[in-house]
Each structure stands twice: as structure tokens, then as C-alpha cells.
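A structural walkthrough
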Amino acid sequence: SSPHLQTYEQRAKKHGNPAARKLLETMERKKTNLSVSVDVTKKKDFLAIIDVVGPFVCLIKTHIDIIEDFDQTVIEHLQELSVKHDFLIFEDRKFADIGNTVALQYSSGVYKISSWAHLTNAHAVPGPSIITGLSSIGLPLGRGLILLSEMSSKGALTTGSYTEDAVRMARSRRDFVVGFIAQKRMDGIGAIEADDVTEEDFLVLAPGVGLDSKGDAMGQQYRTPREVVLESGCDVIIVGRGIYGKSDQLDVENVRKQAERYRQEGWSAYLERVSL
Ligand code: S5P
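An unreviewed UniProt entry lists the protein chain under the name Orotidine 5'-phosphate decarboxylase, with Serpula lacrymans var. lacrymans as the source organism. As recorded by UniProt, the Sequence similarities (unreviewed entry) comment attached to the protein chain reads in full: "Belongs to the OMP decarboxylase family." In its Catalytic activity (unreviewed entry) section, the UniProt record describing the protein chain reads: "orotidine 5'-phosphate + H(+) = UMP + CO2".

Our focus in this paragraph is the packing of aromatic side chains. How two aromatic rings sit relative to each other is set out by the distance from centre to centre and by the angle between their planes. Considering all chains together, one arrives at 6 aromatic pairs under this definition. Here tyrosine 8 and tryptophan 267 contribute two aromatic rings whose centre-to-centre distance is 5.8 Å and whose plane-to-plane angle is 45°, an arrangement assigned as tilted. Here tyrosine 8 is found in helix α1 (residues 8-14), whereas its partner tryptophan 267 is found in helix α10 (residues 252-274), with 259 residues between them in sequence. Taken together, the aromatic side chains of Tyr8, Trp267 and Tyr270 make up a single cluster linked through ring pairs. Between the NZ or CZ atom of arginine 261 and the centre of the ring of tyrosine 262, over which it lies, the distance is 5.9 Å.

Our next topic: unusual backbone geometry. Backbone geometry at lysine 31 places phi at a positive 50°, although glycine is not the residue there. With respect to the element layout, lysine 31 can be found in the loop between α2 (18-30) and β1 (34-37). Judged by its relative accessible area of 41%, lysine 31 is partly exposed. Of note, lysine 112 is a non-glycine position whose phi angle comes to about 45°, a positive value. Tracing the sequence through the fold places lysine 112 in the loop between α5 (99-107) and β4 (119-123). Under the relative-accessibility criterion, lysine 112 is labelled partly exposed at 41%.

As a further point, take helix α6 (residues 129-138). Buried within α6 are the following residues: Ile130, Ile131, Gly133, Leu134, Ser135 and Gly138. Buried-residue contacts for α6 involve β3 (88-95), α5, β4, β5 (144-148), α7 (160-171) and β6 (177-181).

Another point: the layout of surface pockets. Roughly 510 Å³ of internal volume is contained in the largest pocket. In terms of lining residues, the largest pocket is bounded by 26 residues, among which Asp39, Ser152, Pro207, Gln220 and Arg241 are the most central. Elements with a contribution of two residues or more to the lining of the largest pocket: β3, β8 (236-239) and α9 (241-244). The greatest single-element share of the lining of the largest pocket, amounting to 3 residues, is contributed by α9. Split by residue class, the lining of the largest pocket holds 10 nonpolar, 9 polar and 7 charged.

A few words on the UniProt feature "domain: Orotidine 5'-phosphate decarboxylase" (unreviewed entry) in the protein chain. The feature "domain: Orotidine 5'-phosphate decarboxylase" (unreviewed entry), as annotated in UniProt, sits at residues 33-255 in this numbering. In the segment residues 33-255, helix accounts for 32% and strand for 17%; the C-alpha atoms at its two ends are 17 Å apart.

In the neighbourhood of the ligand, 14 residues make up the surrounding shell, with Asp39, Lys61, Ser152, Tyr222 and Arg241 lying closest. Taking serine 37, its side chain carries an N or O atom lying 3.1 Å from an oxygen atom of the ligand. In the complex, 91% of the free accessible area of the ligand, which totals 490 Å², lies under the protein chains.

Turning to its location among the elements, lysine 22 is positioned in helix α2. Lysine 22 gets classed as partly exposed once you look at its relative accessible area, which sits at 42%. For the pair formed by lysine 22 and alanine 12, sequence separation is 10 residues and the distance between their alpha carbons is 7.4 Å. Those residues in contact with lysine 22 that lie beyond four places of it in its chain are Leu88 and His118.

Packing of helix α3 (residues 43-53) against helix α4 (residues 72-85) leaves a shortest axis separation of 10 Å and a crossing angle of 5°. The angle between α3 and α4 falls in the class roughly parallel. Within the contact between the two elements, α3 uses Lys43, Phe46, Leu47, Ile50 and Asp51 and α4 uses Thr73, Val74, His77, Leu78, Leu81, Lys84 and His85.

Cut-offs and rules
Residues numbered from 1 in each chain as written. Predicted model: local features only at pLDDT ≥ 70, side-chain atom pairs only at ≥ 80, totals over all residues. Heavy atoms only, no water. UniProt positions renumbered as here; feature names shortened; annotations may be inferred. Phe/Tyr/Trp six-rings, centres within 6.5 Å; stacked < 30°, edge-to-face > 60°. Helix = DSSP H or I, 4+ residues; strand = E, 2+ residues; numbered from the N terminus. Lys NZ or Arg CZ within 6 Å of the ring centre and 35° of its normal. Buried < 20%, exposed > 50% of the residue type's maximum accessible area, 1.4 Å probe, protein only. Contact = heavy atoms within 4.5 Å. 1 Å grid on protein atoms, 1.4 Å probe; cavity = no way out; pocket = protein on both sides within 12 Å on 5 of 7 lines; lining within 4 Å. Points joined across faces, edges and corners; volume = space filled by probe spheres on them. Nonpolar A, V, L, I, M, F, W, Y, C, P; charged D, E, K, R; others polar. Near = heavy atom within 4 Å. Polar contact = N/O pair within 3.5 Å; in protein donor to acceptor, adjacent residues only side chain to side chain. Areas by Shrake-Rupley, 256 points an atom, 1.4 Å probe, with all protein chains shown as cover. Axes fitted to C-alpha atoms, helices over the stretch in contact; angles between N-to-C directions. Parallel < 35°, antiparallel > 145°, perpendicular 65-115°, else oblique.

Next comes the structure, spelled out in C-alpha cells:
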């Protein structure tokens, strides 16, 4: 049956990529399909939020380049928290250049993303060479790549044949591409008869998730965990401001409460889905 009707545990046993396997195992063990996106600019807030939401998440999503007071200790603490709370790390870098450049951006510079992020992501716009470049660094380290095949923002150009071509790119590199940023499952999308799609299991990570708001003033659009997991078959819900609120007024108790609430919503939608 289609991967989204199987349990995360069943899928973990069959998955060929170590980062995807570890993520699926973590989801099953901690009973969570929640990823928190920690989009704050101070390292103190960044680490405080992660320490509070850690018990409720399978994956922490970062934008490491927005931290104003970044230094190497941010990565050290992030890695300590990932061990303490048992979650994986996803740097939302959205690479979008030629293979040679993205290989350098992934491995080098200030952030050395490949040395600490289990997952990172890329736009499909440069074509298959972006996967060649990133995999030359990430594959030997056991990392996984997520392709953006759809975006959550109003007016996104990631539709129709673009989405199909992105899925086709992923299908030809299943050793390294483990899933999509998308709003729905991509099973069989863009496949031609010669493609064997029966063995493919792409994880679908869905951003644009919120319970109390339909969007923001800059084109973000929100759907509920139930809509994305149960109705659209996505595997991981990515929640940012719905959990940490306004980052200039951090309320740690409320962050904990919201993380527990989104974990519960996402997990019950998943349980309902696999019992169908
Ligand atoms: O299509 C997308 C892809 C991504 S990765 N739409 C998104 O919103 N994102 C990211 O998810 C975005 O960069 C941000 O870090 C997060 C959503 O944050 P929120 O506060 O709106 O939940």
C-alpha cells in the first residue's frame, strides 16, 4: 500500500537512507510528527525555545543565518540538545545554485551545514546538478536532502509541470533525496510507465501549519495539522510562529503548551490516517 497508509515504524524498517530512517524511528519512539521551525535572531532565545519544545518534536528546523550573535557554541549547544531530547536537525537552507557552488555552501563558510544538519533542502530550479553537488558532500556523511516541490506562500510558482519535474529529479536520486517540502503527498506524480514507483517512500514535510491563524501579512498561508496530515497525507508538520508566537515577547510556558498541543493534533491525525 501507499507509504502514507503504513506506520512510521514500518517505513523506517525499509528506508534506505540513514537520516530518513533515523527520523522515522524517532517519530515512532517519541510519538510525534512535529517539527518546530525556530526562526529567532538571538542565540539565547534560539536555544531556550529548543530546550522547551525538544521533548515534543522529531525534528528542529533552523535558519542558522538569521542568528545575529552566531558563534560556534550555537552549534555545540544545538547538538547537545539534539542528544538530550532525541531529535534530528534540519537546516532550511533552500540551496538554489549550480552543483559546484552548493557543494561549497553546504560544506564550508561560517556555518559548515553538512557537519551538523541531518537534513537540508534545495530548490529544484537548477536541475539535477544541484543534487549531484550536494550529494558529493552529504552522502558520505549519511545526510538526506529534501527538495521543495511546492511552497506554502500565495502565488508560488511551484505548480504543475515544475512540481512534476521536481519529483522526477528526486525519483532518480532516491539514495540522497528523501522527501519533499510540499502541501500534499507526491506519490507517483510525474511518473511515466517505465518508472518503478512501488518502492519509493518520500517523506513529505509540510510548512504553513497553524491552528489559530489563516496566514500572515506577507503571503504565508496556514492549514491545520488535520488538513495536512489526514487529508493531504503529509508526514511531518512544520510549525514556527504558531508555537513560539512573537519572538520579542517569549513566553516559555506558552511555548511548551503550544508544542504539546501541535504534537497532539499532528499525532492523532496520523493515527486516524494509518487506521483507515
Ligand atoms: O513553502 C514553504 C517552505 C518553507 S521551508 N513555506 C515555508 O513557510 N517554509 C518555512 O517554514 C519558512 O521559511 C519558515 O521558516 C517556516 C514557517 O514558519 P511559520 O512561522 O509561518 O510557521
